[in-house]
Amino acid sequence: MTGDVPKGAASIRVRLLFKCGFNTRHYGTRNQMLFVEGGHVSKLVPFFSLEKPEDDIWPEQKVKNLLAMLKLLQCLVAPSSTVLVAAQKCVLSSGFLLVLCHLVFSRGLPGEILAEAIGTVADCIRGSAANQSEFASVQVGSSPPRSVVLGVITSLVSEEQDLSLRLAALYCLEAFLLTNHTSQKHIVASMLPGASNQSGVSAGALLCGGLMSADPIISWCSSVALCSVVVQTVQKEQLLSVHIGMAAGGAPVALLQQTAVLACSHQISLQQRVAFFSLLCCWLHQCPQGVGALMRSGSALQVLVAGLDQRDSATADEAQQNNNRVLRGMMAFLLGICMLHEKLFSASWSWPAPQASDSLCQTCPTPRISSCLMEQWTTCPAKMASDCEVRACGLGTTTILTRTPFRYRRNVYGGVH
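Residues numbered from 1 in each chain as written. Predicted model: local features only at pLDDT ≥ 70, side-chain atom pairs only at ≥ 80, totals over all residues. Heavy atoms only, no water.

### Considerations on the overall build of the protein
Under the convention used in this document: Each helix is a run of H or I in the DSSP string that is no shorter than four residues. Each strand is a run of E no shorter than two, and both are numbered from the N terminus. Buried residues are those whose accessible area, probed at 1.4 Å on protein chains only, stays under 20% of the maximum for their type, while exposed residues exceed 50% and partly exposed ones sit between those limits. Working rule for contacts: check all heavy atoms of both residues, and any pair within 4.5 Å makes them a contact. Surface accessibility follows the Shrake-Rupley procedure with a 1.4 Å probe radius. Residue values consider only the protein chains on display as shielding.
Within the protein one finds 20 helices and seven strands. Sorting the 417 residues of the protein into buried and exposed places 51% on the buried side. Taking as baseline every contact in the protein between residues at least 6 positions apart, the subset at least 24 positions apart corresponds to 66%. For the protein, the accessible area works out to roughly 19500 Å², and carbon and sulfur atoms hold 54% of it.

### A look at the confidence of the model for the protein
Note the cut-off: Known as pLDDT, the predictor's per-residue confidence is scaled from 0 to 100.
In this model, the protein carries an average pLDDT of 75, and 70% of its residues clear a pLDDT of 70 or more. Low pLDDT (under 50) marks residues 1–8, which in the prediction has eleven contacts with non-local residues, meaning those over four places away or in another chain. Scored below 50 in pLDDT, residues 344–368 shows 41 contacts in the model against residues more than four places distant or in partner chains.

### Regarding the packing of helix α9 (residues 148–156) against helix α10 (residues 163–177)
Counted only if it meets this: All axes here are fitted lines through C-alpha atoms, helices being fitted over the stretch that makes contact, and every angle between N-to-C directions spans 0 to 180 degrees. When an angle is under 35 degrees it counts as roughly parallel; over 145 it counts as roughly antiparallel; between 65 and 115 it counts as roughly perpendicular; any other value is oblique. If you view the pair so one helix is near and one far, a crossing is left-handed when the near helix is turned anticlockwise from the far one by less than a right angle, and right-handed when it is turned clockwise. Any residue that is not Ala, Val, Leu, Ile, Met, Phe, Trp, Tyr, Cys, Pro, Asp, Glu, Lys or Arg is counted as polar, Gly included; the first ten are nonpolar and the last four charged.
Taken N-terminus to C-terminus, the directions of α9 and α10 make an angle of 140°; their axes are 8 Å apart at the nearest point. Classed by the angle they form, the pair α9 and α10 counts as oblique. Handedness of the α9/α10 crossing: left-handed. On the side of α9, the interface is formed by Val-149, Val-152, Ile-153, Ser-155 and Leu-156, while α10 contributes Arg-166, Ala-169, Leu-170, Cys-172, Leu-173 and Phe-176. Partitioned by chemical class, the residues of the contact of α9 with α10 number nine nonpolar, one polar and one charged.

### Observations concerning the environment of Leu-70
By the element assignment, Leu-70 lies in helix α4 (residues 60–77). Here Leu-70 falls in the buried class, since its relative accessible area comes to 1%. The spacing of Leu-70 and Phe-48 is 22 residues in sequence and 9.3 Å in space, taken between C-alpha atoms. Filtering out sequence-adjacent residues up to four positions away, Leu-70 remains in contact with Phe-48, Leu-100, Ile-113, Glu-116, Ala-117 and Thr-120.

### Structural notes on the environment of Gln-289
Relative to the assigned elements, Gln-289 resides in helix α16 (residues 288–295). What makes Gln-289 partly exposed here is its relative accessible area of 39%. Separated by 53 residues in the primary sequence, Gln-289 and Lys-236 place their C-alpha atoms 8.8 Å from one another.

### Observations regarding the packing of aromatic side chains
We apply this condition: Here is the rule: rings of Phe, Tyr and Trp (six-membered ring for Trp) pair when centre to centre is within 6.5 Å. Planes less than 30 degrees apart are stacked, more than 60 are edge-to-face, and the remainder are tilted.
Here the structure, examined in full by the defined rule, presents one aromatic pair. Plain terms: the ring middles of Phe-135 and Phe-176 are 5.5 Å apart, the flat faces sit at 55° to each other, and that makes the pair tilted. Of the two residues, Phe-135 sits in helix α8 (residues 129–137) while Phe-176 sits in helix α10, which places them 41 residues apart along the sequence.

### Considering the pattern of salt bridges
Here is the rule: Any carboxyl oxygen of Asp or Glu that lies within 4 Å of a side-chain nitrogen of Lys or Arg is treated as forming a salt bridge with it.
Throughout the structure, instances matching the rule amount to one salt bridge. We note a salt bridge from Asp-215 to Arg-166, for which the minimum N-O separation is 3.9 Å. In this pair, Asp-215 is assigned in the loop between α12 (203–211) and α13 (216–230) and Arg-166 in helix α10, connecting sequence segments 49 residues apart. Take Arg-166: its relative accessible area is 5%, and that puts it in the buried class.

### Comments concerning helix α7 (residues 111–125)
Stated precisely, the cut-off is as follows: Expected helix span is taken as 1.5 Å per residue step, with the number of steps being one fewer than the number of residues.
With 15 residues, α7 ought to run about 21 Å at 1.5 Å a step, and its terminal C-alpha atoms sit 21 Å apart, in line with that. Most of α7 is tucked away: 13 of the 15 residues are buried. Downstream of α7 by one or two residues, Gly-127 has phi in the positive range, about 75°.

What follows is the structure, given as structure tokens:
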């Protein structure tokens, strides 16, 4: 069948054959093992090495065929696949990964194929050090070529890209950073003062710029990406020296300080506030120096305590009440992280508190904010979202972004996120 690729690439027969192959392997573990161990993965490479149409118009049947081919590969490299490790090795040794990377950055590729291809690349590199290293070394584009990692981040923070493509890029970046401590260090280093990049742009600069974007989708995606950078890194303290601008008096504004200010701001969308709180929680977890910097950065802690103490207005509808519960849950979780390290920095606290105490642990367990309420609020966001859903608010519609084991999927529901 591979010998007739140029003639049959747009044939419905090709799609039916790949659909049959997908069903056979998706529902049969033994079939997957035979397919991988028999070296049949490499035989799929010619299907993805096709030249694009001269008029940049892809026939509908050809698009369906490529999607069917991608689904066949996805069932082999999905995180739940029993042949995941062997399939990832075959993808690397056969040059399939390199072909897919160049396919992703081909001009004129339909958006539907592009999003699926990026998601497939993500599953091919997830948790595989060798595949992640190969992915990082790929150069795409021209005049001058750039790293494929920068290309993915650029797609993530671009206002011109569709939502499905941004989410696919986010999923790919998360897969690239998973257990990849070397790349995490490189991104952190690119954010530090004095970092230089020959191409004029760095991964850290793109993510910081996206984090502070007025576009809620870009801000949310950048925050989730930065969470993947900081959640496992041992360089959290170094990030405290990252600055993103200058204040009115000429003093530099720290990334941590600005993130805390925006998280506590009522002038931005709920989606963005949740994203900023998520980043703060990942950043400050097991980082006592970061907790101390947050305590000295201004009124962030007062705002957290006041937010937990605030009650819903009598006119708030069910949607607003649920949104407030999510925010209080994030605030309580961040406040709990601060309480874990409060003894190290109790001498530096000078903000007013009930009972005239300078200890956060003595401030929170009051009749107004008890430990029971803290526990209730921290579990609230988990109760409002299932384990497989990533909920994004403020996208213009009530949109739920669901990440399946294969890719991100966009569904539109009624209800509150």
